[in-house]
Each structure stands twice: as C-alpha cells, then as structure tokens.
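Overview (structure and organization)
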Amino acid sequence: MAAPFRKPLPHFFRPGRDSLDMQLRSLTQFSLARPRLIFALVLLITLAFLAQLPKIQTNTNPKNMLPPTSEVRVWNDSVDRTFALYEDTIVVGIVHPASVLNTATLEKVRDITAGILRIKGVAGRDVSSFTTIDNVTAAGPDLKVAPLVTKIPKNEAELQALRQHLFENPLFVDRIISRDEKTTAIYVPLEKGANGKEAADRIREILAGYQGEEQYYVAGDPVARDTFGAEMFKLMGIFSPIAGMIMFIVIYAMFRSLAPAATMMLVAMVAIIWTMGLGIGLGFPIHIMSSMAPVFLMAIATDSIHIFNEFSFRLRESKDKRTAIIETMAAVSRPVRYTALATAAGFAVLLFMQSVPVKVFGGLIVFGTLVLRLLSFSLIPAILTFVREEKIVQEEIVANRTLQHLGAWGARRPKTAVAISAVMIALALFGMSHIAVNNNMVAWFKPGSEIRNADAVINRALGGTSLGYVVVSTSEPEAIKQPQTLRYIEGLQRHLEQLPVVGKTSSVADYVKRINRVLHDDDPRFDTVPDEADTIAQYLFLFSMSAKPSDLDNVVDYPFQQANVWVQLKSWDAAAMASVIQSMQEYQRAYPANLELRPAGIAYFNFVWNHEVLWDMVKGFVLALAVVLLILIFNFRSLKWALVGYVPLLFTILIIYGAVGFAGKDFDMPISVLSCLSLGMAVDFSIHFISRLRQRLAETGVDAKHDLAALREALVWTAARPGKGIMRNAILFAAAFSVMLFAPLTPYITVGAFIVAMMLFSALFTLLYLPALIVLMRGWLFTTGVTK
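Residues numbered from 1 in each chain as written. Predicted model: local features only at pLDDT ≥ 70, side-chain atom pairs only at ≥ 80, totals over all residues. Heavy atoms only, no water.

1. Regarding the overall build of the protein chain
- The helix and strand tally for the protein chain stands at 28 helices and 9 strands.
- Projected onto its principal axes, the C-alpha coordinates of the protein chain cover approximately 105 × 50 × 45 Å.
- Considering the protein chain as a whole, with its 788 residues, one finds that 60% of them fall into the buried category.
- Taking as baseline every contact in the protein chain between residues at least 6 positions apart, the subset at least 24 positions apart corresponds to 80%.
- Placing the 74 positive and 65 negative side-chain charges of the protein chain at their respective mean positions leaves the two points 16 Å apart. (Helix = DSSP H or I, 4+ residues; strand = E, 2+ residues; numbered from the N terminus. Buried < 20%, exposed > 50% of the residue type's maximum accessible area, 1.4 Å probe, protein only. Contact = heavy atoms within 4.5 Å. Lys, Arg positive; Asp, Glu negative; His and termini not counted. Charge placed at Lys NZ, Arg CZ, Asp CG, Glu CD.)

2. A word on unusual backbone geometry
- At Ala-84, a residue that is not glycine, the phi angle is positive and equals roughly 50°.
- On the secondary structure map, Ala-84 appears in the loop between helix 3 (71-82) and strand 1 (88-95).

3. Quick word on the nonpolar core
- Ile-90, Ile-116, Phe-130, Val-188, Val-508 and Ile-774 are the most contacted members of the largest nonpolar core, which totals 242 residues.
- In contact with Ile-116, other than residues within four places in its own chain, are Val-92, Val-122, Ile-186, Val-188, Ile-203 and Ile-206.
- Core analysis: the second largest hydrophobic core is formed by 9 residues, Ile-655, Leu-768, Tyr-769 and Ala-772 among them. (Core = buried A, V, L, I, M, F, W, Y, C linked by side-chain atoms within 4.5 Å.)

4. Here we look at the pairing of strand 8 (residues 562-569)
- Within strand 8, 7 of the 8 residues are buried, which leaves the element mostly enclosed by the surrounding structure.
- Here strand 6 (residues 466-473) pairs with strand 8 via 8 bridges, running antiparallel. From the neighbouring strand, Ser-466 faces strand 8, where its bridge partner is Leu-569. (Pairing = 2+ DSSP bridges.)

5. What to know about the sheet that holds strand 4 (residues 183-190)
- Read from one edge of the open sheet, 3 strands run 4-1-5, paired in antiparallel fashion. Bordering the open sheet on either side are strand 4 and strand 5 (215-219), each of which pairs with just one other strand. Ignoring strand direction, the axes of neighbouring strands in this sheet form an average angle of 20°.
- With 5 bridges joining them, strand 1 and strand 5 adopt antiparallel strand pairing. (Axes fitted to C-alpha atoms, helices over the stretch in contact; angles between N-to-C directions.)

6. Describing the packing of aromatic side chains
- By the definition in use, this model includes 24 aromatic pairs.
- Taken together, a centroid distance of 6.0 Å and an interplanar angle of 75° make the contact between Phe-347 and Phe-361 edge-to-face. Within this pair, whereas Phe-347 is found in helix 11 (residues 321-348), its partner Phe-361 is found in helix 12 (residues 356-376), the two being separated by 14 residues in sequence.
- Since its relative accessible area comes to 1%, Phe-361 is described here as buried.
- Cluster of aromatic residues (ring-pair linked, three or more members): Phe-296, Phe-347, Phe-361, Phe-733 and Phe-737.
- One cation-aromatic arrangement involves Lys-481 over Phe-560; the distance from NZ or CZ to the ring centre is 4.2 Å.
- The ring of Phe-255 is capped by Arg-728, whose NZ or CZ atom sits 4.1 Å from the centre of that ring. (Phe/Tyr/Trp six-rings, centres within 6.5 Å; stacked < 30°, edge-to-face > 60°. Lys NZ or Arg CZ within 6 Å of the ring centre and 35° of its normal.)

7. Description of the domain arrangement of the protein chain
- Taken domain by domain, the protein chain consists of domain 1 (22-65 + 256-397), domain 2 (86-229) and domain 3 (400-450 + 610-788).
- On a C-alpha basis, the centres of domain 2 and domain 3 stand 54 Å from each other.
- Each side of the interface is counted separately: domain 2 has 5 residues, and domain 3 has 7 residues.
- In total, domain 2 and domain 3 occlude about 570 Å² of area from one another, counting both sides; carbon and sulfur atoms represent 82% of this. (Domains from an automatic or database assignment. Buried area = accessible area lost by both parts, 1.4 Å probe.)

8. With respect to the sheet that holds strand 6
- Across the sheet, which stays open at both edges, the 4 strands sit in the order 7-8-6-9 with antiparallel pairing between neighbours. Both edges of this open sheet fall to strand 7 (502-506) and strand 9 (596-600), since each of them pairs with a single strand only. The average angle at which neighbouring strand axes cross in this sheet is 25°, direction not considered.
- Sitting on the sheet, helix 22 (residues 602-636) is in contact with strand 6, strand 8 and strand 9, with an inclination near 95° to strand 6.

9. Notes on the confidence of the model for the protein chain
- Summary statistics for the protein chain give a mean pLDDT of 86 and a share of 93% for residues scoring 70 or more.
- Counting contacts from residues 1-16, a segment whose pLDDT is below 50, to residues more than four positions away or on other chains yields 45 contacts. (pLDDT = per-residue confidence, 0-100.)

Shown next as structure tokens:
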C-alpha cells in the first residue's frame, strides 16, 4: 500500500491561498454541511432546464455552417435568383441490364414521374425525365419545342426514333440517358425548405411499386444531407444511453461500488440537461456539431474519476469519511479546476470562429465543462456524505504494481524512452505530410450503404450527382448573344470536360447550337454557333416563346449579360470543385477576354465551406494551443514545467495526425472536432501528473535535483496513485466512445476510433514519457533542489 500523506500540504497547494480556492473550499464545506439542500437546488435547476427541451429545433443543412451574410451564401442566392435555380435537386437513377429504351421501362418512367410530381415539396413544373424534358426539333421552317416523350413507343421503329432523338441531342446524353443506354435519370428539384430525406423516402415508396428487371437509385445532396441529419439524431439517441451504460459498468468494475458509478452518471446527465436546455432555451437549433455535445460532455465528465480515485485512497488511510472528503478535495482541487480551465479554453476559441453552429458548439461545451466542475465541488461531495465506508473497493495491488512498473521504466530508462518517442515523432511527421483537407458528405455514409451505392452508380453512368456552376458575366448589354462570347463559353466547356471529375457541362451555347442544327434539316455540319448575332438573337427568341421558362432562364439572364454554365461532377469531394476552379482560371489566363468567370452552386459552397470552416477550426486549434500553454504556465507558476507538461499533448496530436495521414484519411469536420478534444484531454493528464508529483515532492522534502533515487520513487508513486486515476479516466473515456465504432456513419466511426486510440495513447505517454523527461531534465527543472 502506498504511504499515506502525513505532512501538511505545502503553501501553494493549500486550499484558501487564493480567492477561487477559498470559494471552492467554502462550497465543498457547505455541500458537506447541507447535502440535501444541494440536492434540492440541483433538482430545481435541472427541472428548469429540462422544461426547455420540448422547444428543440433541428437544422442539419451544412449551408448554415456559414453565416447568411457570408460571401458565398450571398453570391449563391444571387445566382439562384438570377437563373431561377433550385438549391436542392434529387437524382433518381433507373438502370436496366440491357436498355432502358424498351416499352415496359418507359411506361414505368412515365408513371414514376407522375407519382413524383404529386409529392409535397417537389417543384413539379421543373422535374426532368423522358416525359417532361423539352426536345428541340423543327417542323418545316418552324422551331418546335415539346416534351421528348408524349406517348410511349410501342414498336421497334418508334423506339429507334426515340433513340435517335436522344443520342443526336448532346443536351440529353450523360444527363437523362447514359451512353450505353442502360441508365436514365429523373431530376427532382425541391421547393425551398423541403426536407430531402422525406422526399427521398416518398420517392422510394413509389419506386417500390414498380418491380421488374430495373434497379432504382436515389441520390443527391439533399438526400445525403437530410438523411445524415436524421440518422445523426437517431444515433445520438441510441448511443448516448449505451455510452452511459458502458461508463456505468466500467466505473462499477473499477470501484466495485454502485456509488461512484451512479454519482458520475448523475453528474454527467445533470450537466448535459443544463447545457442542452440552455442552448435550446436561447433559441439555437441543434446542428450537426451541437448534436455531439452530450457525448462530449459525458466524456469530459470522466475527469471526476480523479476525485473518486483519490477518495478511495484517502478513506483507507484516514478511516474517517468526512476527513477523507476534505483531504481529497484539497489534494485534487487545483488539478481538477485547471484541467477544466484547459478543456474550456480549448473549446472557447471556437467562439471566435465565423460559423454560428461552431460558435454554439464551442459555447455549449464551455458551459457544460464549467457546470461539471461546479458539480465536482458541490454535488459530488454531497453525495459522498451518504456513501457507506464499506462500499469502497479495496486496493487493487495488481493494477498499482503495473502502473508502478510503467512509471519506473520511464524513470530508469529515460534515454531509451526519448529515443523511441523521437522515432515515433519522425514517422508521425511523415504521415502528416500526406494529409489533405477535404470534405464529402456522401462519404460520411459507409461503403455499401444505399446512399453511397446510389451515388456511385449514377456517377458512373451519367454526368454526375454533384452540381456546380460557372457564371460568365460582362457589363455590356446583349453581350451573351455575340458569337465570340458563345464560342468562348463553348471552349470553356470543352476545357472543363477534360477533367476526370467533370461528367458533363451545358450552357446557352448548347441550346443555340441545337437550334441551328435542327433548323438546317438536322445537318451535323450546323451543330455550331452561328456567325451572326442577329441570328442568335432570333433563335433565343423563338426558343423562349416555345420552351418552358426554366429552360432558358437556367442558363442566361434576360439582359443577356450573364450566362450560367452547368458543371456536373462525379464526386462530392471539395477537391473536385477545386479542380474545376483551377481549370477555369487556367482557361481564363490562356484566353483573356473581357468576361468575368465566377464559380457558384452547391459544389462551390461545399468547397468554400470546406476551406473556411475547417481552416477556421485549424486556426482556432493553434490559438487554443497557445492559450493552453498560458494556462499551464499559470497553473505551475513555471514556464519550464509548463513546457514539460506540454509534451504529452504535442506527442498525442502528432501521433493522431500521423495516423490520419498513413490511413489516407482526409482532414474533415470530424477530425477537426477531435483536435479540440485531444487538446483538452491530453493536457488534463499532464496537469494531474505534474501537480500531484510536485505536491508529493514538497511534502516529502525530496532534493529532486541531486537525489535521483528519491525522485524516481516519487515518480513511481505518482504513476501508481494519481496515475491510477489517469488510467481509469482514459479507459472509461475510451470505453464510452467505443460504441461509435459500430455506427453506420463514418464520422462516428472516425470519432470513436481516434478517441479510443487518443485516450489510451495520452495516458501511456503521460505515465511513461513524463517520468523520462523529468529525470533527464531534473537539473533544469529543480534549480533549488527541494521543491517548494
């Protein structure tokens, strides 16, 4: 059994040396004196926050990750208004093993389209399929614009005529018919505010009624986005109680007592209710990030295990429960509150980000962390007054010895430990060099999932489910009608189509070329832009008189100063739109013109969101690193000890990001959130270890600079006693998050895998490498010999 504390706490560890210590001591003593009053106050406040939960609102649209005033949102909204575009479009893929150009399949396409038109939230007037899309032909000298299929072909001759109409019109190929004619698509635009998942579910119900050789696929950004949102909330509802149950079981196994398990779970649940109640009560909708707050707070609550760990030791030593509680809170008060401060600081930097949901998430975690620490000094001591002494577990000799050996290895072989860490750092840096910043919501679903499969099938067969635009603008009226302008746009299209990620482009130039051809007896030689501006103007006028308004509205404005080039992409990767932008700029440099080219659309928004939000979080993370270092300096009253305590934090971060690079994983939103958590938890372990080590050295009067044996003994004691709390914290944290490894969404799997690894690595690095560094640097750290 470890030797009990016999000497009084040194001056800088004694409670009451500063106003905050005095307030916390008073709060603890008040809680011990009036525990039932504490229970009543906590219950009343909890009920008040609980009453806010029915007001919950959700918003899973990534667009809201950026404020409405952001440049990209303002620009995209302007483009949508100018060209009468829809923010969201669902793509329904229909695949036949031989050809979709058969009577039975065409009848199904007709009936499915009719069913889709009746779905609430669908912009029926602009749904595009075989039976609704306009086809441009000629009736003698006149231009004729009519739906492609007005009646279903019944014989091979009629089917062949349809086939000819389809493949002779470049506007149709790779959009509503694949080159192998095995796939067609129905494009379903949604009215503003419509729920993509609900519309997709209704479409699937319609598709289920049409069995046969065909296979059906439903894809598109609103499907992925709103399905992810629905799944996310469902998973949080499932995983939060499962994680809590696992934590309860693990805590019970650690202490063999229901009291610590029930207390920690109660504290976590109270903090979660207060935090979520505050956010909902203030009117903030629950977004993708803020939905993770309950699990994060449950994990942060595990830091309270240091109180129970120390209490179990103190109770065995003093045999008096009240004395053990007071001594426990005195011993852990400083590290517990500074770990809370470090964690809160790590998330507080999110308050300075541009994204409102990121700010809300940061604010919620900061508030919840402070609530947890407040409850640590009030509710937990109050509950401990009712814990029977015989319910506290006896000392675990095996676990203590294992931790002693771990700390002893680092203290006795410091050079070997540092050499191993240097090799690991080198490998991690190499892995980090392969990290790419990217985001892809479709990839947030598991490979083999319905949404991933649908997206892959449609992208392989057709132009692509991701849509971006390139807006061509000029200040000259009627400039878009000029032949040189249309040829410039046509050249831009051919240039973009050279990219592997671009499946199809279309623009007003394609309509003009199509009209020119059909009015010249469908002669392929006239599939070109006419040489005269007046001819182009006449063509566009005739087309506007016959076609659906959206046909021309979608590609040109009516002052004819702006044209919209549609760019269908075969990937939702932000990198795909980045390549389009780069190619657009290359074309502009190679062929200078008095025209402005600007990207737009949902693919462009994803690119900007990826860049601004994720890099914003990276900058915030760097700022948090600096803030945490300042907290360590303030806590230890020493730059030297702060730098030593910083090592496990940096080591953990390097290893995590090195693993991300080696795994080929992109730096995306889940990884960026993990950054904040890894920062807070890794430094927590250092604060506990170093604070308790210095406390031990000061109590025993060890000359740590010259008495290496005594220093090693203190390090071994720290690894075995406070280190037991560190390891318990890590195991508990990892166990709670391990449930996420079984989620159907890859961000949850990523979060689960990396947190499990992060917590275990952080604890091991703290218990192994801190003793090694302290031994090697003792001459620099302990300048006066005896710690004071």
